[in-house]
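Observations on chain architecture
The primary structure of each chain is shown beneath.
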Amino acid sequence: MAKKIGRREFVKKSAKIGVSAAIGSSFIYELVDGSVHAFGKEKIDIAVVSGSDYIKSTISAVELLGGVRKFIPKDSKVAILPNTQSRHPGTYTKPEIVRAVIRMSKIAGAREINCLSWLARKYWEATGLAQAVEEEGANLKLIESSDESLFKPVPIPQGKALKEARIMKEFFNNDVFINMPITKDHAGNKFTGTMKNLMGLNFSKNNRTFHKEDWKTNRSSIEYLDQCIADLNTIIKPTLCFVDATEFITTNGPFGPGILAKLQKIVAGVDRVAIDAYCTTLWGMEPQDIIMINKGYEHNLGEINLEKVKIKEIKI
Amino acid sequence: MAILFKQLSDSAGDRLTRVEKRMRRNFILSIALFVSAMSFLLYSSEAPSTFQQELLKYLPREGKTGEWRRDGLPQEYRGEDLYSYINGGAEIYHEYGFKQVIVQDYIKKNGKSISLEIFEMASSESAYGIYTFKTNQEGEELALGDKAQLADYYMNFWKGYFLVTLTGFDEDEETVKGLKEIAQAVDAKIKSRGKEPAFVSLLPKKDLIEQSIKYFKGNLGLYNSYPFFAQDVFSIEEGIKGDYKAGYSVFIISYRANEESKKKFNAVKTSFKESQKYKNFKLVDEKLFQVEDIKGKLIFISHSKKCFLIVVGTINKARAKKIFDIII
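Everything in this summary refers to the structure shown in the same document. (Residues numbered from 1 in each chain as written. Chains lettered and ligands numbered in written order. Predicted model: local features only at pLDDT ≥ 70, side-chain atom pairs only at ≥ 80, totals over all residues.)

It is worth spelling out the overall build of chain A at this point. Looking only at helices and strands, chain A has 12 helices and 10 strands in total. Within chain A, the fraction of its 316 residues that count as buried is 50%. Contacts in chain A between residues far apart in sequence, at least 24 positions, make up 74% of those at least 6 positions apart. (Helix = DSSP H or I, 4+ residues; strand = E, 2+ residues; numbered from the N terminus. Buried ≥ 20, exposed ≤ 12 C-beta atoms within 10 Å, placed from the backbone. Contact = placed C-beta atoms within 7 Å.)

Attention now moves to the overall build of chain B. Broken down by element type, chain B carries 10 helices and 14 strands. Considering chain B as a whole, with its 328 residues, one finds that 39% of them fall into the buried category. A fraction of 56% describes how many contacts in chain B between residues 6 or more apart in sequence connect residues 24 or more apart.

Moving on: the environment of Lys134 of chain B. Secondary-structure assignment places Lys134 of chain B in helix α6 (residues 124-134). Here Lys134 of chain B falls in the buried class, since 24 other C-beta atoms lie within 10 Å of it. On a C-alpha basis, the gap between Lys134 of chain B and Glu286 of chain B in space is 37 Å, while along the polypeptide they are 152 residues apart. Apart from residues lying up to four places away in sequence, Lys134 of chain B is in contact with Asn252 of chain A together with Asn156 and Thr165 of chain B.

Right, let's talk about helix α10 (residues 317-327) of chain B for a bit. All names here are of chain B. For α10, the set of buried residues is Ala320, Ile323 and Phe324. Relative to the axis of α10, the buried residues are bounded by an arc of 100° and lie together on one face. With respect to the buried face of α10, the exposed residues turned more than 90 degrees away are Ala318, Lys322 and Asp325. Tucked inside the fold, the buried residues of α10 contact β10 (248-254), β13 (298-304) and β14 (307-313). (Arc of directions from axis to C-beta.)

So, about the interface of chain B and chain A. In this assembly, 27 residues from chain B lie in contact with 23 residues from chain A. If you list the elements that add at least two residues to the side of chain B that touches chain A, you get α4 (82-86), α5 (90-96) and α8 (219-225) of chain B. Taken together, the residues that form the side of chain B that touches chain A break down as 12 nonpolar, 10 polar and 5 charged. (Nonpolar A, V, L, I, M, F, W, Y, C, P; charged D, E, K, R; others polar.)

This paragraph deals with the sheet that holds strand β10 (residues 311-315) of chain A. Residue and element names in this part refer to chain A. Pairing in this open sheet of 8 strands is mixed, and the strands run β4-β3-β2-β7-β8-β9-β1-β10 from one edge to the other. Two strands lie at the open edges of the sheet, namely β4 (139-142) and β10, each paired on one side alone. The average undirected angle you get between the axes of adjacent strands in this sheet is 20°. Here strand β3 (residues 112-117) runs beside β4; their pairing, made up of 4 bridges, is parallel. Note on β4: the bridge partner recorded for Cys115 is Leu140. (Pairing = 2+ DSSP bridges. Axes fitted to C-alpha atoms, helices over the stretch in contact; angles between N-to-C directions.)

All names here are of chain A. Close contact between helix α4 (residues 54-64) and helix α5 (residues 95-107) brings their axes to 8 Å; oriented N to C, the two are set at 50°. On the basis of their axis angle, the class for α4 and α5 is oblique. Pair α4 / α5 crosses with right-handed handedness. On the side of α4, the interface is formed by Tyr54, Ile55, Thr58, Ile59 and Val62, while α5 contributes Glu96, Ile97, Arg99, Ala100, Val101 and Met104. Looking at the contact of α4 with α5 residue by residue, the classes come out as 8 nonpolar, 1 polar and 2 charged. (Parallel < 35°, antiparallel > 145°, perpendicular 65-115°, else oblique. Left-handed = near helix turned anticlockwise from the far one by under 90°.)

Below, the discussion takes up the nonpolar core. Ile80, Val101, Phe242, Val267 and Ala268 of chain A together with Ile118 of chain B are the most contacted members of the largest nonpolar core, which totals 167 residues. If near-sequence neighbours (up to four positions away) are discounted, Val267 of chain A is found in contact with Ile46, Val48, Val243, Ala245, Ile275, Tyr278 and Cys279 of chain A. (Core = buried A, V, L, I, M, F, W, Y, C linked by C-beta atoms within 7 Å.)

Here it is as structure tokens:
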């Protein structure tokens, strides 16, 4: 069992980094003190927290996984990748979840927190994410999507369809990567989650080729798209993933509008395949239904069989 | 115009006071400006349309949308540029035959917002198809356009070559009322009408859930209804699907000629037989076979003349054959 700190020591530490007023130190203290078994020997692969307070749920999820310091070293530079593609309801990562991750990164002693995107600022503003990032004291690093010089060519030795990616150079200036997609429907391949979100780091023209082999034919090659996504995931491994499964579209994705599922869940973990596999079950699918998840499993990126995955679900 | 103006002024000049002269001059100037403006508008509407003019004219004018006012400038995307608006979501629109879209936000004084998208498609069938793709069984049908559906916080309607989508950002009554107001204003501006593809009438009517009908123009559309295969095994160019109250779905895929349909049937039969996604393949006769998907759902596939006929779901062979007989 990890060391539990007393209330006095906790408040002292929180005050030092000026966090207590922002987060609600009593809540954090409760977590540390026992309402959630934060530092047990139990190894959890996926933490699922339900509740209407998304900040609390996000914090609880990482506590179930062993606490934020397990993932974010002191003085590290943290890159965060939320999904901010559209402002339609149920299509973008909720600002509260991003706020919680920024605050936790600060608790862990991160030196710098950077939200990365090649989408224009107007998308960030329309979703409220720009305001959330800036109010929490993180940096919004927007990369010009049409400037190829801002992206670094990265070979994909294990790529079966995709042989080279173009990852934004800014990404490589960070020590920790937190992947923050929203899970939702996608007309291109029926599902999006942690693996697909990495397209947000990749040069958009390169992404375009996922949908269209050789730029010319077979626009509807779903398997090709999913293979490219799985290939992309072999060169980038997030430190931690938080999936927004609070309110998301189950039709007309990725842009919406569509039918909303309102589950109020935050899903967190490291195993991308397992997390995406779990998320498919949230709206009546199975992991094997999604080619991308199968391809990720074939690449040994994680576990597709949920019976082999330790999932802890709590409700706040 | 200047000469006419001068002549008119001069002929009355001897009899009028200075004030009266000024009033007469202003009046004539107003007439001249009005005529110039009308000439410009007339010329514009007859000149070859630019992209910008084609869709701009369908945006409701201020005053036609109640208290909802335009918020910012419209955005427009054409052809492949749709990808920069909706990324991977663009593919399904291209499959249906996307041409261009205009996007305009509307706002009310209390901060409520509605987003309007007017998609122009390649044909009325294309617009109908993408309309069926975006709507669902739960929505409320409205009397608008050729077909219209209201869901919790958004609305779609199809009219002629156009699909119109309106998105609110909450489910309040005020927002829903706003969706209808703006939609009606757009509807009034689109004059052309469309017709459902004749092909749709092949679906048996008994117990058909009308709002479940999907019209496909390619494999992505089909895959989103039922993921038969990730590859375009059917080489689908036109298809329809309807769900039935008894718990099964009927798919009809059309080919250009009987021979093409027959050839494709043999290839598809092999694909189902060899695929790991399906089990218990059974050839019933030369025009009908059945399989089970990995979840145990029964699938019956037949062909007749130019069409493939497929039934998926809670159904037995005898019933499936009856349905095929009705369609043929």
